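Below, each chain spelled out in residue letters.
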Amino acid sequence: MGLSNHPAWQLTHALWIADDRRLHAPVVAEVKYNLIDRAAERELAAACTQFGVSIVPYAPLHGGLLADLAVLDRPISGDQRFGQPGFPDHEIAIAREVDRLSHSWGLHPYQVSLAWLLARPAVASVIIGPESADELRANATAADIDLSPEQLTALTALSAQEPAFLHRAGNGPA
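Residues numbered from 1 in each chain as written. Predicted model: local features only at pLDDT ≥ 70, side-chain atom pairs only at ≥ 80, totals over all residues. Heavy atoms only, no water.

Trainee: Give a detailed account of the packing of aromatic side chains, specifying residues and quantitative values.
Mentor: Counted under the stated rule, the structure contains 1 aromatic pair. With a centroid separation of 6.2 Å and an interplanar angle of 75°, the aromatic rings of Tyr33 and Trp116 are classed as edge-to-face. One end of the pair, Tyr33, is in the loop between β2 (28–32) and α2 (44–51); the other, Trp116, is in helix α4 (residues 109–118), and 83 residues separate them in sequence. As far as burial versus exposure is concerned, Tyr33 and Trp116 are alike and both buried. (Phe/Tyr/Trp six-rings, centres within 6.5 Å; stacked < 30°, edge-to-face > 60°. Helix = DSSP H or I, 4+ residues; strand = E, 2+ residues; numbered from the N terminus. Buried < 20%, exposed > 50% of the residue type's maximum accessible area, 1.4 Å probe, protein only.)

As structure tokens, then:
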């Protein structure tokens, strides 16, 4: 059983109910998660790691922006399909840096973006949305990419976020 788009507190509550009633517990959390949209890291990833629940991200290439910058040349890209302006400048800036780093490492942006995600704690797999069989085969090559710790750190730094709250347990008063 899995949960889709539930915050950490609801996942934890579902686990508690399943344990209390001796039911099958959720084993996977499906959530939007990628190098640009890292909201899942604020609390959900820690809860999943703590309780042995896998994360299976959807939109791992952020609407194609992390796959190939050519997506910016399409008539409709990003959130334009919802009547919005498209990809914000800060998202495009991250994608451009992913593109630059990827090529400097002899890789494609989609490979690097997916390999980074597959290296994240609790991530078991990703839900991709290829538009063709060729894109499916290309995306599958990311499973064979083993990014170095330095590469992972460089990618992670592109969109680092503050934690949901600062943990001070065990360190005394601040």
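Having seen the structure, we can now continue with the description.
Trainee: Outline unusual backbone geometry, listing residues and values.
Mentor: Look at Ala59: it is not a glycine, yet its phi comes out positive at around 55°. Inspection of the secondary structure puts Ala59 in the loop between β3 (54–58) and α3 (89–104).

Trainee: Talk me through the packing of α3 against α4; I want residue IDs and the actual numbers.
Mentor: Two elements in contact, α3 and α4, have axes whose closest approach is 8 Å; the angle formed by their N-to-C orientations is 100°. What the angle tells us is that α3 and α4 run roughly perpendicular. Within the contact between the two elements, α3 uses Val98, Asp99, Ser102 and His103 and α4 uses Pro109, Val112 and Ser113. Grouping the amino acids of the contact of α3 with α4 by side-chain chemistry returns 3 nonpolar, 3 polar and 1 charged. (Axes fitted to C-alpha atoms, helices over the stretch in contact; angles between N-to-C directions. Parallel < 35°, antiparallel > 145°, perpendicular 65-115°, else oblique. Contact = heavy atoms within 4.5 Å. Nonpolar A, V, L, I, M, F, W, Y, C, P; charged D, E, K, R; others polar.)

Trainee: So what's going on with the side chain of Asp99? Residues and values would help.
Mentor: Mapped onto the elements of the fold, Asp99 is located in helix α3. Although Asp99 is buried, it makes no salt bridge; Arg96 carries the closest opposite charge, 7.1 Å away. If we ignore the near neighbours within four places in the chain, the residues touching Asp99 are Leu69 and Pro109. (Lys, Arg positive; Asp, Glu negative; His and termini not counted. Salt bridge = Lys/Arg side-chain N within 4 Å of Asp/Glu carboxyl O.)

Trainee: Please provide a residue-by-residue account of the nonpolar core, values included.
Mentor: Looking at soluble globular proteins, one finds that nonpolar side chains tend to be buried together. In terms of nonpolar packing, the biggest core is built from 40 residues, with Leu11, Tyr33, Leu44 and Leu155 touching the most fellow members. At the level of secondary structure, the elements contributing two or more residues to this core comprise α1 (8–20), β2, α2, α3 and α4. At 6 residues, α4 tops the list of elements feeding residues into this core. (Core = buried A, V, L, I, M, F, W, Y, C linked by side-chain atoms within 4.5 Å.)

Trainee: So what about the pairing of β3? Which residues, and what values?
Mentor: In summary, the side chains of a regular strand alternate between the two faces of the sheet. Bridge count for β2 against β3 is 5 bridges, and the pairing is parallel. Considered in β3, the bridge of Val28 is made with Ser54. The handedness of the β2 to β3 crossover, carried by α2, is right-handed. (Pairing = 2+ DSSP bridges. Right-handed = clockwise from strand over helix to strand, strands pointing away.)

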